[in-house]
2 protein chains.
Amino acid sequence: MSSNSDIDALIDLMARLPGLGPRSARRAVLHLIRKRTLLLGPLADAMRLVADTARECLNCGNVGTADICDICASHKRGTGELCVVEDVADLWAMERAGVFKGRYHVLGGTLSALDAVGPEDLRIPRLIDRVETEAVSEVILALNATVDGLTTAHYIADRLQGRVRLTSLAQGVPIGGELDYLDDGTISAALRARKEI
Amino acid sequence: MSSNSDIDALIDLMARLPGLGPRSARRAVLHLIRKRTLLLGPLADAMRLVADTARECLNCGNVGTADICDICASHKRGTGELCVVEDVADLWAMERAGVFKGRYHVLGGTLSALDAVGPEDLRIPRLIDRVETEAVSEVILALNATVDGLTTAHYIADRLQGRVRLTSLAQGVPIGGELDYLDDGTISAALRARKEI
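Residues numbered from 1 in each chain as written. Chains lettered and ligands numbered in written order. Predicted model: local features only at pLDDT ≥ 70, side-chain atom pairs only at ≥ 80, totals over all residues. Heavy atoms only, no water.

**Q** Got a minute to help me understand the interface of chain B and chain A in this structure?
**A** The extent of an interface is frequently quoted as the accessible surface area lost upon association of the parts. Every contact between the two is made by 53 residues of chain B and, on the other side, 54 residues of chain A. Here chain B meets chain A over a buried area of about 5300 Å², counting both sides, of which 68% is carbon and sulfur. Joining chain B to chain A, the criterion identifies 4 salt bridges. Two residues, D45(B) and R48(A), come together in a salt bridge whose shortest N-O distance is 2.7 Å. Connecting chain B to chain A are 11 residue pairs in polar contact (both at pLDDT 80 or more). Broken down by secondary-structure element, the contributors of at least two residues to the side of chain B that touches chain A are α1 (5-14), α2 (22-34), α3 (36-53), β2 (63-64), α4 (70-73) and α5 (88-97) of chain B. A total of 15 residues in the side of chain B that touches chain A trace back to one element, the largest contributor, which is α3(B). A per-class count over the side of chain B that touches chain A returns 31 nonpolar, 8 polar and 14 charged. (Contact = heavy atoms within 4.5 Å. Buried area = accessible area lost by both parts, 1.4 Å probe. Salt bridge = Lys/Arg side-chain N within 4 Å of Asp/Glu carboxyl O. Polar contact = N/O pair within 3.5 Å; in protein donor to acceptor, adjacent residues only side chain to side chain. Helix = DSSP H or I, 4+ residues; strand = E, 2+ residues; numbered from the N terminus. Nonpolar A, V, L, I, M, F, W, Y, C, P; charged D, E, K, R; others polar.)

Structure follows, in C-alpha cells:
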C-alpha cells in the first residue's frame, strides 16, 4: 500500500510477473519512480509497442512483431535445416548460442497424456505440412530431455520417418560440467556416445 | 536475444529492474507477451500513467500523483503527529502496518559523513520549518536502527529539543534491521511502545 491508488495499481500488476512478489514489486516500482525519465517512461513505451505489435509467427510459432517472424523472413536462414523446439524460450536459447543458421519450428509444448495434450493441440500438423511443402532437408529435434520431451520426439520421428533426415541434439557431459555432479543417466548416455579423439 | 529488436529492447529495460537479471527479464517478457491483453497492455498503461503523473509531495517528500500527496491532503490525518522516516519505502511499510493515523516527513536518506551527506542534502530544514509552522504536537522518529539512522535521529532530536514532544520507535526494531523488511506486527508493537527521548 503506497497511499496512492495509481501507484498501488502498478505495484499489483508488477507483482504478477514471474519472479516478482509483492515486496519486490514495491521495490521495483519505487526504483522506477526514482528513474522516471531514464527507465519508467521508456519501459512504458516499449511495453505499449510490444503489446500492440507482438504476435506469433504464422509459419513457425516464434514471437515477433510481424505475421512472419524475422527468422522465417530472412533468406539467409533458408538452409533447409529445421530445428524443432518446445517453446519460444528454447528458440531464444538456441539463438543465443548463435551456431544454428537454419529455421525453427516451435511446438508450443509437449504431448502429455496426463494433461490431455494431443498432437492437434501442438503445432505438429503444421510441422508435417512444412516438411511436405518447404525445401526441408533435415529436421533437428531439440526437445527438452524430459519424459514428455522424449515422448514427443518419438511421436514426431514416427510421423516423419522416411520423408526427411531426422536428427536430435547430442546427449553427454555439458561444457564445464563435473562428472561428480552429473546424474547417472547423463554419464551412461555420454559413455554410450563416446567418440574417438 | 529474441531475434526481434523491439522485444530485445523491452528485455534490456526489464533487466534493469532491481531483482531481475537478463534471464528473469526474458522469462518475464515471454510471460507478458503470452498475457498480452490481460497483463502487458494494462501494465504499459499503468506505467505511462505513473511516469506522467508521479512526483514528490512538496510538503513531506512522499511520492504521489499530485503536488500534495493524499496523506498530507487528508483532513483525517491532521492529528498533530509527524512521523519522520528515511525513505518512501519506510513510509509505505508504516502505512501497511495501518496503525499510525498522523502525517509523515520523508528525509530522503540519512546523514553520512562518509558519503558527505549533510542536513541540507536531506529534507531536515523543511522538517524544522514544518514543526514551526504546522500544528505539530509530536515528532516520532521512525528511522532505521542502523548507525546512520541513529546519528540522524540524534541530530534531529538536538535541533528540535524543547520545541515539540519527541519520541522514537522502541521495542521490536531489531538492531541493524530496516523498516521495509519488518512484519506489520513488529511495526505496530514498536509504534505503541514509543518512548520519550
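**Q** Would you explain the domain arrangement of chain A in this entry?
**A** Along its sequence, chain A is organised into domain 1 (2-53) and domain 2 (68-168). Relative placement of domain 1 of chain A and domain 2 of chain A: their C-alpha centres are 35 Å apart. (Domains from an automatic or database assignment.)

**Q** I tried to follow the environment of T110(A) on my own but got confused; where do I start?
**A** Residue and element names in this part refer to chain A. Its location among the elements puts T110 in the loop between β4 (103-106) and α6 (124-133). Considered as a pair, T110 and L150 are 40 residues apart in the sequence and their alpha carbons are 9.0 Å apart. Discounting residues that sit within four places of it in the chain, T110 has contacts with E86, V117, L122, D148, G149 and T152.

**Q** Even after reading the chapter, I still don't get the sheet that holds strand β5 (residues 138-141) of chain A, so can you show me in this structure?
**A** Backbone hydrogen bonds are what pair the strands of a sheet, in a parallel or an antiparallel way. All names here are of chain A. As summarised here, the arrangement of the 4 strands in space is β4-β3-β5-β6, forming an open sheet in which the pairing is parallel. With partners counted over all chains shown, the strands left at the sheet margins are β4 and β6 (165-168), one partner each. Adjacent strand axes in the sheet meet at a mean angle of 25°, parallel and antiparallel pairs treated alike. With 4 bridges joining them, strand β3 (residues 81-85) and β5 adopt parallel strand pairing. By the bridge assignment for β5, L82 is matched with V139. Relative to the sheet, helix α5 (residues 88-97) contacts β3 and β4, its axis offset from that of β4 by approximately 160°. In the packing of helix α7 (residues 147-160) onto the sheet, the strands contacted are β3, β5 and β6, and the crossing angle to β5 comes to about 165°. (Pairing = 2+ DSSP bridges. Axes fitted to C-alpha atoms, helices over the stretch in contact; angles between N-to-C directions.)

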